[in-house]
Amino acid sequence: MPSNPFFERSALPYQLPPFAEIGEEHYLPAFERGMAEQLTEIAAITATDEEPTFLNTVVALERSGALLTRVSNVFFNIASSDFTPGTETIEAELSPRLAAHRDAIHLNADLFARIESLHRRRADLDLDAEELRLVEQYHLRFVRAGAGLDAAGQTRLRELNTEIAAATTEFGQNNVTARNAATVIVTNVEELAGLSPAEVTAAAENARSAGHEGAWALSLQNVSNQPVLAELADRDLRRRVMAASLQRGLPENGNLAVRIAALRAERAALLGYPDHAAYAVADQTAGTPEAVEEMLGRLVPPAVANAEREATELAAAMRADGTDDELRSWDWQFWSQRVRAERFSLDAEALRPYFELERVLRDGVFFAAEQVYGITLRERTDLVGYHPEVRVFEVFDADGSALGLFLGDFFARPSKYGGAWMNELVSQSRLLETRPVVVNNLNIVKPPAGEPALLTWDNVRTLFHEFGHALHGLFSDVRYPFFAGTEVPRDFVEFPSQVNEMWMIRPEMLANYARHIETGEPMPAELVERMTAAQRFGEGFRTVEYLGATLLDWAWHRVPGAEELAGADAEAFEAQALRKAGLAIEAIPPRYRTGYFAHIFAGGYAAGYYSYIWSEVLDADTVDWFDDGAASIREKGAAFRRELLAKGGSVDPLTAFEAFRGRAPEIEPLLARRGLI
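Residues numbered from 1 in each chain as written. Predicted model: local features only at pLDDT ≥ 70, side-chain atom pairs only at ≥ 80, totals over all residues. Heavy atoms only, no water.

(A) Region of interest: the overall build of the chain. Secondary structure summary: the chain contains 26 helices and seven strands in total. Taken over C-alpha atoms, the radius of gyration comes to 25 Å for the chain, in line with the 26 Å a tight globule of 677 residues would show. Considering only C-alpha atoms, the chain reaches an extent of 85 × 60 × 55 Å along its principal axes. Within the chain, the proportion of its 677 residues that are buried is 57%. For the chain, the share of sequence-separated contacts (at least 6 apart) that also reach a separation of at least 24 residues comes to 76%. (Helix = DSSP H or I, 4+ residues; strand = E, 2+ residues; numbered from the N terminus. Rg over C-alpha atoms; globule rule 2.2 N^0.38 Å. Buried < 20%, exposed > 50% of the residue type's maximum accessible area, 1.4 Å probe, protein only. Contact = heavy atoms within 4.5 Å.)

See below:
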């Protein structure tokens, strides 16, 4: 297939993939040639009689697999943001083959011998700091991938990796199917009381596109507590929505979760770890399971106490309104919204006209980046993305020099996974002479044709959060692709994105973007004050919801051996895990239940969902630093970019943080932020 667009580097600006030329028929041939080319390149490294050097081994490894990287970056973004039956079939076939390909490299005895030789002699190789870290990280990666196992161990490891890859791909695909199938169909419009007219119209169009003419369809997001539960006045419809949400993926994905956890436990034991959690955190900033558990243990009791106080207040409001029943999971968000509105005179629906997508994006997210870092973004309508809704922006540094490309894919659609995420289509590297091309995916409900997209406050937060990930990729300034952008420990990767959320509420930023869609007037100061005051309300619920998912993930991956899960039932395991953690609160289901916990059973967060709050410790501490008034925001932004964002994984993240902050991180700012002290 000589015309395959992946076979050569893209000639477009910044090597943006030529999406207009790419068809499904190009993926599999490109993957097959890419894997073959990389194995040939590896063979060339090991065939030489020359003594291993940094250049002929490590740099050669960094240069290998260019075609495979190009097609992988495009395909796996498509597979999650605009999948089709064809891409699902390709992904199911490819996942185990790619796992086998990675094993063919990491378990190559001749290659590992060269890396081990370099690692043993590293102090005598006259390497600079980034080169030395690269040798050490490659050695660590190969050891953790099983390079030191005997032949029988490596054979079993290959089998386990193939099985895990196939099972996690199946889980992810099932998750999307189950989410779409769980859409709640409403036949009486009166049941939708509480939704805005625009939301009712969108639900009607949603139903029509799904073949339910004359009805209304409420699609689910990939969380337990659906945002629409805060608005629906009809209690029975809220119950139906919550039931549909909580039962997704069962029993199919429940059975897969048991299998995946058992396979991971066996692999961890094979590699010399007591369980998968110990294996997962060994190369993270946490370092040990005990460090994670100590931090989580400090959070659970005060979070539960906060949630219990909130529950008492919400139940009282519900009874005062005439509902003589217990506070249920489908009641919590509705009554929380009502109490918040009454206490702070704050109507969430009245906020939406101040948060129009285009203004929030340009005058909020982009404006904040300009104020803090000096960068500007200019839309490139001459460049196309992988879907008609994808927008392309060129990013310029403060001195006017070109920095990279940012792609925004903001709206939900049936062919997109739930949630929000950032991918790198091209990673920065001075070695490869590449500049970053990054994409943000969100799931904002698309408004009816011709109407503006009015956001919730959570949507605004997500825009700022994901752009924080984008900045991490765009500001990368490393030599080797191994370290580029977000190639940092999982429990550090959320830190820059969480820091970026701080700008959404800064007065100078908020005043610039929070303007009424019809009048252009800024949000009134007293409304800003009430909104700010309302931020902590419900923090007990949010923390318990998050910790429930975190400790559920932890329970699945602290299992000491595959035999411990023989015949296990996913729902029973989940219930026991939540009871043991002290989080079996029926009215607050975990943010993700096992059947749709894609982060850990289809993504890279297995035994790593704790990373959000681990990173938030660094985030809260950094926000205090930004706010201490010791220097201007631009000076602070320049230091944050230079010392942390630009370095990617080329330095130890905690060492970089301590150098930048002048001390080790402290947890007290996080406890104060979440109302836990």
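(B) Structural context of helix α8 (residues 197-209). Helix length check: α8, at 13 residues, gives a terminal C-alpha distance of 18 Å against a target of 18 Å (1.5 Å per residue), a fit within 8%. Buried within α8 we find E199, V200, A202, A203, A204 and A207. Those residues of α8 that are buried lie in contact with β2 (216-218) and α14 (348-351). Within two residues after α8, G211 carries a phi angle of roughly 90 degrees, on the positive side. (Expected span 1.5 Å × (residues − 1).)

(C) Just the pattern of salt bridges, in detail. Tallying each qualifying case throughout the model produces 55 salt bridges. Residue R259 is joined to E163 by a salt bridge in which the shortest nitrogen-to-oxygen separation is 3.9 Å. Here E163 lies in helix α7 (residues 151-181) and R259 lies in helix α10 (residues 252-270), a separation of 96 residues in the sequence. Residue classification places R259 among the partly exposed positions, given a relative accessible area of 38%. Owing to a relative accessible area of 26%, E163 belongs among the partly exposed residues under this scheme. Residue E616 is joined to R673 by a salt bridge in which the shortest nitrogen-to-oxygen separation is 3.2 Å. Of this pair, E616 sits in helix α23 (residues 611-626) while R673 sits in helix α26 (residues 668-673); the two residues are 57 residues apart in sequence, bridging distant segments of the chain. (Salt bridge = Lys/Arg side-chain N within 4 Å of Asp/Glu carboxyl O.)

(D) Local environment of the packing of aromatic side chains. Under the criterion given, the structure shown has 45 aromatic pairs. Summarising the aromatic geometry, the rings of F495 and F640 are spaced 5.8 Å apart at their centres and angled 90 degrees between planes, so their arrangement reads as edge-to-face. Remark: F640 occurs in helix α24 (residues 633-645) and F495 occurs in helix α17 (residues 490-500); sequence separation between them is 145 residues. Summarising the burial analysis for this pair, F495 and F640 share the class buried. Residues W556 and F573 carry aromatic rings whose centres are separated by 3.9 Å and whose planes lie at 20 degrees to one another, so their mutual orientation is stacked. Placement of the pair is W556 in helix α20 (residues 539-557) and F573 in helix α21 (residues 570-581), with a sequence separation of 17 residues. Of the residues examined, W556 reaches a relative accessible area of 1% and is grouped as buried. (Phe/Tyr/Trp six-rings, centres within 6.5 Å; stacked < 30°, edge-to-face > 60°.)

(E) A look at the packing of helix α15 (residues 357-373) against helix α16 (residues 457-474). Viewed as axis vectors pointing N to C, α15 and α16 meet at an angle of 45 degrees, and their least axial separation amounts to 11 Å. Considering the angle they form, α15 stands oblique to α16. As for how α15 packs across α16, the hand of that crossing is right-handed. Counted together, L357, V360, L361, G364, V365, F366, A368, A369 and Y373 of α15 and V460, L463, F464, F467 and L471 of α16 form the full contact between these two elements. (Axes fitted to C-alpha atoms, helices over the stretch in contact; angles between N-to-C directions. Parallel < 35°, antiparallel > 145°, perpendicular 65-115°, else oblique. Left-handed = near helix turned anticlockwise from the far one by under 90°.)

(F) Just the layout of surface pockets, in detail. Taken as a whole, the second largest pocket spans an internal volume of roughly 540 Å³. Every residue lining the second largest pocket is counted, 18 residues in all, and those nearest its centre are L551, A555, R558, A577 and K580. Within the residue set of the lining of the second largest pocket, elements represented by two or more residues are α12 (289-320), α20 and α21. The greatest single-element share of the lining of the second largest pocket, amounting to six residues, is contributed by α21. The residue makeup of the lining of the second largest pocket, split by class, is 12 nonpolar, two polar and four charged. (1 Å grid on protein atoms, 1.4 Å probe; cavity = no way out; pocket = protein on both sides within 12 Å on 5 of 7 lines; lining within 4 Å. Points joined across faces, edges and corners; volume = space filled by probe spheres on them. Nonpolar A, V, L, I, M, F, W, Y, C, P; charged D, E, K, R; others polar.)

(G) Representation of helix α3 (residues 66-81) within the structure. Helix length check: α3 (16 residues) gives 23 Å between terminal C-alpha atoms against 22 Å at 1.5 Å per residue, within 8%. Restricting attention to buried positions, one finds in α3 the residues L67, L68, V71, S72, V74, F75, N77, I78, A79, S80 and S81. Taken together, the buried residues of α3 touch α1 (24-47), α4 (85-106), β5 (402-411), β6 (421-426) and β7 (437-444).

(H) Main features of unusual backbone geometry. Each neighbour pair has its own omega, and for L250 with P251 the value is 5 degrees, a cis peptide bond. At E433, a residue that is not glycine, the phi angle is positive and equals roughly 55 degrees. Note that E433 resides in the loop between β6 and β7. By relative accessible area, which is 70% here, E433 ends up exposed.

(I) Looking closely at the pairing of β5. Taken across its 10 residues, β5 has nine buried, putting it largely inside the fold. Pairing of strand β4 (residues 391-396) with β5 involves six bridges; the strand directions are antiparallel. Counterpart to E394 in the pairing with β5 is L405. (Pairing = 2+ DSSP bridges.)

(J) A look at the side chain of H557. If you trace the backbone, H557 turns up in helix α20. Take H557: its relative accessible area is 1%, and that puts it in the buried class. There is a polar contact of 2.9 Å between the side chain of H557 and the side chain of D553. In terms of polar contacts, H557 uses its side chain to reach the backbone amide nitrogen of A607, at 3.4 Å. If we ignore the near neighbours within four places in the chain, the residues touching H557 are R264, D275, H276, A277, I600, F601, A606 and A607. (Polar contact = N/O pair within 3.5 Å; in protein donor to acceptor, adjacent residues only side chain to side chain.)

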